[in-house]
Amino acid sequence: MPYHEFDCSKCIPERKMHAVTKGAGEDLTSCLPLGYLNTIPGTISERGCAYCGAKHVIGTPMKDVLHVSHGPVGCTYDTWQTKRYISDNDNFQLKYTFATDVKEKHIVFGAEKMLKENILEAFDAFPHIKRMTIYQTCATALIGDDINAIAGEVMEERPDVDIFVCNSPGFGGPSQSGGHHKINIAWLNQKVGTVEPEITSDYVINYVGEYNIQGDQEVMLDFFKRMGIQVLSTFTGNGKYDDLRAMHRAHLNVLECARSAEYICDELRVRYGIPRLDIDGFGFKALGDSLRKIGLFFGIEDRAEAIIAEETARWQPELDWYKERLMGKRVCLWPGGSKLWHWAHAIQAEMGVNVVSVYTKFGHQGDMEKGVSRCGEGALAIDDPNELEGQEALRNLRPDVIFTGKRPGEVAKKMRVPYLNAHAYHNGPYKGFEGWVRFARDIYNAVYSPMHQLSALDISQDAIPGDTGFMTRRMLSDATLPEAVRNDPSMRPYTGAFDPIAAIRAKTDYPEFPRRSAIEAAE
Amino acid sequence: MNCEVKAKDRVGTINPIFTCQPCGAQYVSIGVKDCIGIVHGGQGCVMFVRLLISQHLKESFEIASSSVHEDGAVFGALDRVETAVDVLLMRYPHVKVIPIITTCSTEVIGDDIDGVITKLEDELLAVKYPDREVHLVPIHTPSFVGSMVTGYDVAVRDFVKKFATKGEPNGKVNLITGWVNPGDVTALKHLLAEMEIDATVLFEIETFDSPLMPTGDAVSHGETTVEDLQGTANALGTIALNRYEGGKAAEFLEKKFKVPAVIGPTPIGIRNTDTFLKRLSEMTGKPIPPSLVRERGIAIDAITDVAHMFLADKRVALFGNPDLVLGLAEFCLDLEMRPVLLLLGDDNGRYADDPRIKALQENAEFPMEIVTNADLWDLEDRIKNKGLELDLILGHSKGRFISIDNGVPMVRVGFPTYDRAGLFRHPVVGYAGATWLVEQIANTLFTDMEYKKNKEWLLNVW
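**A few points about the overall build of chain B**
Now for step 1: Helix and strand counts for chain B stand at 17 helices and 15 strands.
Now for step 2: By the compact-globule yardstick of 23 Å for 462 residues, chain B fits well, its C-alpha radius of gyration being 23 Å.
Now for step 3: C-alpha extents for chain B along the principal axes are approximately 75 × 50 × 50 Å.
Now for step 4: Per-residue burial over chain B gives 63% buried out of 462 residues.
Now for step 5: Considering only contacts within chain B whose residues lie at least 6 apart along the sequence, 74% involve residues at least 24 apart.
Now for step 6: Summed over all atoms, the accessible surface of chain B reaches about 16600 Å², with 51% contributed by carbon and sulfur.
Now for step 7: Considering chain B, the positive charge centre built from 46 side chains and the negative charge centre built from 65 side chains are found 2 Å apart.

**Focus: the overall build of chain A**
Now for step 1: Within chain A one finds 23 helices and 14 strands.
Now for step 2: Taken against the 2.2 N^0.38 rule, which gives 24 Å for 523 residues, the C-alpha radius of gyration of chain A at 24 Å falls within 12% of a compact globule.
Now for step 3: Seen along its three principal axes, the alpha-carbon backbone of chain A occupies a region of about 75 × 70 × 50 Å.
Now for step 4: Evaluated residue by residue, chain A yields a buried proportion of 61% over its 523 residues.

**Points about the domain arrangement of chain B**
All names here are of chain B.
Now for step 1: According to the domain assignment, chain B contains domain 1 (3-14 + 291-461), domain 2 (21-153) and domain 3 (173-289).
Now for step 2: Spacing between the C-alpha centres of domain 1 and domain 2 amounts to 35 Å.
Now for step 3: Carbon and sulfur atoms make up 66% of the area that domain 1 and domain 2 hide from each other, which totals about 1100 Å².
Now for step 4: Of all residues in domain 1, Phe-415, Tyr-418 and Phe-424 bury the most surface against domain 2, accounting for 54% of the area lost on that side.
Now for step 5: Taken together, the connections running from domain 1 to domain 2 amount to zero salt bridges.

**Details of the packing of helix 1 (residues 50-59) of chain A against helix 8 (residues 177-190) of chain A**
Residues and elements named next belong to chain A.
Now for step 1: Interhelical geometry of helix 1 versus helix 8 gives an angle of 60° and a closest axis separation of 6 Å. In terms of axis orientation, helix 1 runs oblique to helix 8. Crossing handedness for the pair helix 1 and helix 8: right-handed. Side by side, helix 1 and helix 8 meet where Ala-50, Gly-53, Ala-54, Val-57, Ile-58 and Gly-59 of the first sit next to Gly-178, Gly-179, His-180, Ile-183 and Asn-184 of the second.
Now for step 2: Looking at side-chain class alone, the contact of helix 1 with helix 8 contains five nonpolar, six polar and no charged residues.

**Examining the environment of Glu-227 of chain B**
Residue and element names in this part refer to chain B.
Now for step 1: Note on placement: Glu-227 falls in helix 9 (residues 226-231).
Now for step 2: What makes Glu-227 partly exposed here is its relative accessible area of 45%.
Now for step 3: Separated by 62 residues in the primary sequence, Glu-227 and Thr-165 place their C-alpha atoms 9.5 Å from one another.

**Thoughts on the packing of aromatic side chains**
Now for step 1: Under the criterion given, the structure shown has 41 aromatic pairs over all chains.
Now for step 2: Measuring from centroid to centroid gives 6.2 Å for Phe-282 of chain A and Trp-436 of chain A, while their planes differ by 45°, and the two rings are tilted. On the criterion of sequence distance, the pair formed by Phe-282 of chain A in the loop between strand 9 (276-278) and helix 12 (284-298) and Trp-436 of chain A in helix 18 (residues 432-447) is long-range, its members being 154 residues apart. The pair formed by Phe-282 of chain A and Trp-436 of chain A is uniform in burial state, with each residue classed as buried.
Now for step 3: Measuring from ring centre to ring centre gives 5.4 Å for Trp-436 of chain A and Phe-439 of chain A, while their planes differ by 70°; the resulting arrangement is edge-to-face. In this pair, Trp-436 of chain A and Phe-439 of chain A both sit in helix 18, three residues apart, roughly one turn of the helix. Summarising the burial analysis for this pair, Trp-436 of chain A and Phe-439 of chain A share the class buried.
Now for step 4: Across from the ring centre of Trp-321 of chain A, 3.7 Å away, lies the NZ or CZ of Arg-325 of chain A, which sits over that ring.
Now for step 5: Lying over the aromatic face of Tyr-77 of chain A, Lys-398 of chain B brings its terminal NZ or CZ to 4.6 Å of the ring centre.

**Quick look at the interface of chain B and chain A**
Accessible area lost during the coming together of the parts is what is often quoted as the interface size.
Now for step 1: Contacts between the two partners involve 75 residues from chain B, matched on the other side by 73 residues from chain A.
Now for step 2: Both faces combined, the contact of chain B with chain A buries some 6100 Å², and carbon together with sulfur accounts for 61% of it.
Now for step 3: It is Phe-48, Arg-91 and Phe-144 of chain B that lose the most area in chain B upon contact with chain A, and together they represent 12% of the buried surface on that side.
Now for step 4: There are five salt bridges connecting chain B and chain A.
Now for step 5: With its nearest N and O atoms 2.5 Å apart, the salt bridge here joins Lys-414 of chain A to Glu-59 of chain B.

**Quick notes on the confidence of the model for chain B**
Now for step 1: Averaged over chain B, the pLDDT score is 97; the fraction of residues at 70 or greater is 100%.
Now for step 2: Both confidence scores are given for the complex: pTM 0.97, ipTM 0.97.

**Some points on the sheet that holds strand 8 (residues 199-202) of chain B**
Residues and elements named next belong to chain B.
Now for step 1: If you walk across this open sheet you meet the four strands as 8-7-9-10, and the pairing is parallel. Unpaired on one side and paired on the other, strand 8 and strand 10 (261-263) mark the two borders of the sheet. Between one strand axis and the next, the sheet turns through 15° on average, direction left out of account.
Now for step 2: Where helix 10 (residues 247-257) meets the sheet, it contacts strand 7 (173-176), strand 9 (237-240) and strand 10, and its direction lies at approximately 160° from that of strand 10.
Now for step 3: Set on the sheet, helix 11 (residues 269-284) makes contact with strand 7, strand 9 and strand 10; between it and strand 9 the angle comes to about 170°.

**Description of the side chain of Ser-69 of chain A**
Now for step 1: Mapped onto the fold, Ser-69 of chain A is located in strand 2 (residues 66-70).
Now for step 2: A polar contact of 2.7 Å, which involves the side chain of Ser-69 of chain A, links it to the side chain of Tyr-51 of chain A.

**Some thoughts on the pattern of salt bridges**
Now for step 1: All chains considered together, the criterion is met by 81 salt bridges over all chains.
Now for step 2: Between Glu-121 of chain B and Lys-162 of chain B there is a salt bridge; the shortest N-O distance is 3.7 Å. You can see Glu-121 of chain B sitting in helix 6 (residues 113-128) and its partner Lys-162 of chain B sitting in helix 7 (residues 148-163), a full 41 residues away along the chain.
Now for step 3: Exposure remark for Glu-121 of chain B: the relative accessible area of 31% places this residue in the partly exposed category.
Now for step 4: Accessibility expressed as a relative area gives 32% for Lys-162 of chain B, which makes it partly exposed.
Now for step 5: Note that Arg-243 of chain B and Asp-353 of chain B form a salt bridge whose closest N and O atoms lie 2.9 Å from each other. Residue Arg-243 of chain B is found in the loop between strand 9 and helix 10, and its partner Asp-353 of chain B is found in the loop between strand 12 (338-344) and helix 14 (355-363); the two are separated by 110 residues along the sequence.
Now for step 6: Among the residues examined, Arg-243 of chain B registers a relative accessible area of 18% and is labelled buried.
Now for step 7: In this structure Asp-353 of chain B comes out as partly exposed when scored by relative accessible area, which is 43%.
Now for step 8: Bridged by salt links that share partners, the residues Arg-259, Glu-262, Asp-266, Arg-269, Arg-276, Asp-278 and Asp-367 of chain A form one connected network.

**Describing unusual backbone geometry**
Now for step 1: The peptide bond linking Gly-428 of chain A to Pro-429 of chain A adopts the cis configuration, its omega dihedral lying at 0°.
Now for step 2: As for its position among the elements, Pro-429 of chain A is in the loop between strand 14 (419-421) and helix 18.
Now for step 3: For Arg-398 of chain A, which is not glycine, the phi torsion reads 50° and is therefore positive.
Now for step 4: The topology assignment puts Arg-398 of chain A in the loop between helix 16 (387-397) and strand 13 (401-404).
Now for step 5: Despite not being glycine, Asp-313 of chain B shows a phi value in the positive range, around 65°.
Now for step 6: Looking at where Asp-313 of chain B falls in the secondary structure, it is placed in the loop between helix 12 (290-311) and strand 11 (315-320).

**Quick notes on the sheet that holds strand 15 (residues 410-412) of chain B**
Residue and element names in this part refer to chain B.
Now for step 1: Pairing is parallel across the open sheet formed by six strands, whose spatial order is 1-13-12-11-14-15. Strands at the two margins of the open sheet, each flanked by one partner only, are strand 1 (3-7) and strand 15. Ignoring strand direction, the axes of neighbouring strands in this sheet form an average angle of 15°.
Now for step 2: Here strand 1 pairs with strand 13 (residues 368-372) via five bridges, running parallel. Paired with Lys-6 across the strands is Val-371, a residue of strand 13.
Now for step 3: Against the sheet, helix 13 (residues 322-334) touches strand 11, strand 12 and strand 14 (392-395), its axis set at about 175° to strand 12.
Now for step 4: Sitting on the sheet, helix 15 (residues 377-385) touches strand 1, strand 11, strand 12, strand 13 and strand 14, and the angle it makes with strand 12 is about 140°.

Conventions and cut-offs
Residues numbered from 1 in each chain as written. Chains lettered and ligands numbered in written order. Predicted model: local features only at pLDDT ≥ 70, side-chain atom pairs only at ≥ 80, totals over all residues. Heavy atoms only, no water. Helix = DSSP H or I, 4+ residues; strand = E, 2+ residues; numbered from the N terminus. Rg over C-alpha atoms; globule rule 2.2 N^0.38 Å. Buried < 20%, exposed > 50% of the residue type's maximum accessible area, 1.4 Å probe, protein only. Contact = heavy atoms within 4.5 Å. Areas by Shrake-Rupley, 256 points an atom, 1.4 Å probe, with all protein chains shown as cover. Lys, Arg positive; Asp, Glu negative; His and termini not counted. Charge placed at Lys NZ, Arg CZ, Asp CG, Glu CD. Domains from an automatic or database assignment. Buried area = accessible area lost by both parts, 1.4 Å probe. Salt bridge = Lys/Arg side-chain N within 4 Å of Asp/Glu carboxyl O. Axes fitted to C-alpha atoms, helices over the stretch in contact; angles between N-to-C directions. Parallel < 35°, antiparallel > 145°, perpendicular 65-115°, else oblique. Left-handed = near helix turned anticlockwise from the far one by under 90°. Nonpolar A, V, L, I, M, F, W, Y, C, P; charged D, E, K, R; others polar. Phe/Tyr/Trp six-rings, centres within 6.5 Å; stacked < 30°, edge-to-face > 60°. Lys NZ or Arg CZ within 6 Å of the ring centre and 35° of its normal. pLDDT = per-residue confidence, 0-100. Pairing = 2+ DSSP bridges. Polar contact = N/O pair within 3.5 Å; in protein donor to acceptor, adjacent residues only side chain to side chain.

Right, here's the structure in full:
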């Protein structure tokens, strides 16, 4: 096994099996790091907690809900306004967050009574919202408050409200991933099957593991609507609480982020016989194939093909413009969990970049399997990276750009590596055909920033050019391009709007497809 | 009485103003040179605080976690602290100071961090690192007590308590800044330099604003040394600018080492900066130099340009750290504005006898409310549902949607201010801070007038 031992981690030998360099001819049988094991204390790992995995990642994107955390105020504050999961109801879930504000006296005497007062207060403050999620935290798990019982009491007293409880304290498991699992299963156990939906199409899906980062979900829903597919629910970005109670009536679960939401799909298959179809909204090929697979499942492949043809014609010339200019750029693909494999192949094939490293903070070995297999020779794969290892890797790999989180992005900035936010995006959405071009555009803007070029100059030692007052991205990116490529009329840079989601929200002209029952009746 | 002081009348918190104690302790820890803190608890208690600080300062800081998982929560997690200290020391050869910062989970399970520190000193440090200078500092910051503000106060005290050592008088002033920005430290050090006063600044965080260098090796970290902290016991006196962020340390030094303590005022605005300089002068015998008379004059000149013309009688709501809010409210009154609502985001019992609050109560000439244990719903609910009319909000970025959704212009101030560029670089204290604040306020009101077409022609001839 080609383990990669970091110099900075020689003193903690157990780290050695968490990184591999993919050698010539190696595959997963010979090249796979350990994953999802307990964190070594004091390494300055980037991992979060199981509370945030449940509440912040999966719970809070639900848009028509009061999201309450039962605990001291910090958990709530810290997981509020740090993501970009928008919604089409004026971002209610981004704006409002609720903490029961557990204090010392409650730790000593119990916090159940005040929890109930909190619930009533929150509903009274927002009388138009009738749904609530409550998240346990470390403190209230340890004092043993029975949140489910209190929620049950309130639901009996106020029949018009509905409350979901998620018991996923921060210390539960090695990372945020433990919380993903817990909330998946809790939702299924408590809520699925408690609402009967109106079925309006012959083709009914749940869209699962999609969090509407900068509007991703709305982009994908646009495709589904154009195919005449009814999306019963989205788990959970821009999703409605009551829609998610009706998940059991879908014909198919279309799964995007398998890391965070495969659990509920697998259980929906076991309990309700709903098949799981893994798809991928990132990249022209992967997205096209995904729409085809869904089309194939329902026998409406032609509808998928029409969309693919239309979107490709519109956006391929723009993607290609960037591909020519990003060719061979070295990328560190350092996201949280699933994007390492969602993106690894697609950005190499369609943007021409070279992924020199992948990492995952909270992914499991399965994510690494997919990630490593989609990387080329020489790629460094790191599980649960820490501060020093990240810096060592950046020094050795010298990437042209890094895709990672906000704070690690600041580390990269100091090391003169341009950064794009892999979790919240820079100027997304990144899903959809247009979104993928936006991603390429953002990479281009980062890599060819004139300011990045200037940052390398040491004015005390280097020769200062002094012959130009400015540089443009284009002057930098096109300097070495052949004439034929530079002026190729079949390609162009991005022509979309600052906010492409506004147009999608305003759209009403979706095709109407007659139901099978109507056709049969007519015959 | 025009000014009412009351606690929030709800049990829960909707949109909190503060996060919890460990955040304050972590913010202190990054101000100390060669220091990496270990937060004893779940990983989110560190990960999110590092994110928050990086949002505010656009820089990353190193803070470690003991990574308490389920087994630790059940059986005790002191072994995680032991491992964390060893791993940190092995991999960061420059590290000398390691605060062990507790959280709600490890306080509830009752992990004895003071005991484990003694054990580590006797065993790990003595055996494995006998020739290395290492200081372990216990800091108890359960999240269910106080807020990030009290966490800051406790941590400053605990660092001082750990290191302060009686020696020869060093003729210096201890200046405890409270929770401020790099720009504030620059402004304060400028005032000290003009006064020719040698001071130990707690904490030296100017370097939080660090460069992007061609060498690619710059890092952001504070520069207060162990020696600085040791010397605090031998100073002429301590000035803690903020009663609630550093006051405890000043009191400790006075009680234990007879170092006279002056607590406050927060030098926001002209008047409070005057008082600050007076106290510096009294403590050191150094006169206030003509250069500061001129600097003060420039600030008053700038303020005079806008105050009675544009700021008079504007109604302002303020929220955030208590010393900041009270200092700003006092300054607003000097600017002829009306600070009608002050939100203090925790339940600190000492607000009851804060002389600034008493003075506001005695002298308010218009209806004013001061809410303790407040949340941001206390502001939004009053605007949306209770008819509160405002011209301006002064507060941090977590309140941004109140401003956006209700059309009330807002000047970002305090921590965090992630939705505006570079605010950490500018001071709110001293004469420079007064000028900056007033001009920010004026320009924000001007933009709002133009955006709303509300007497925007007024500025044609200003």
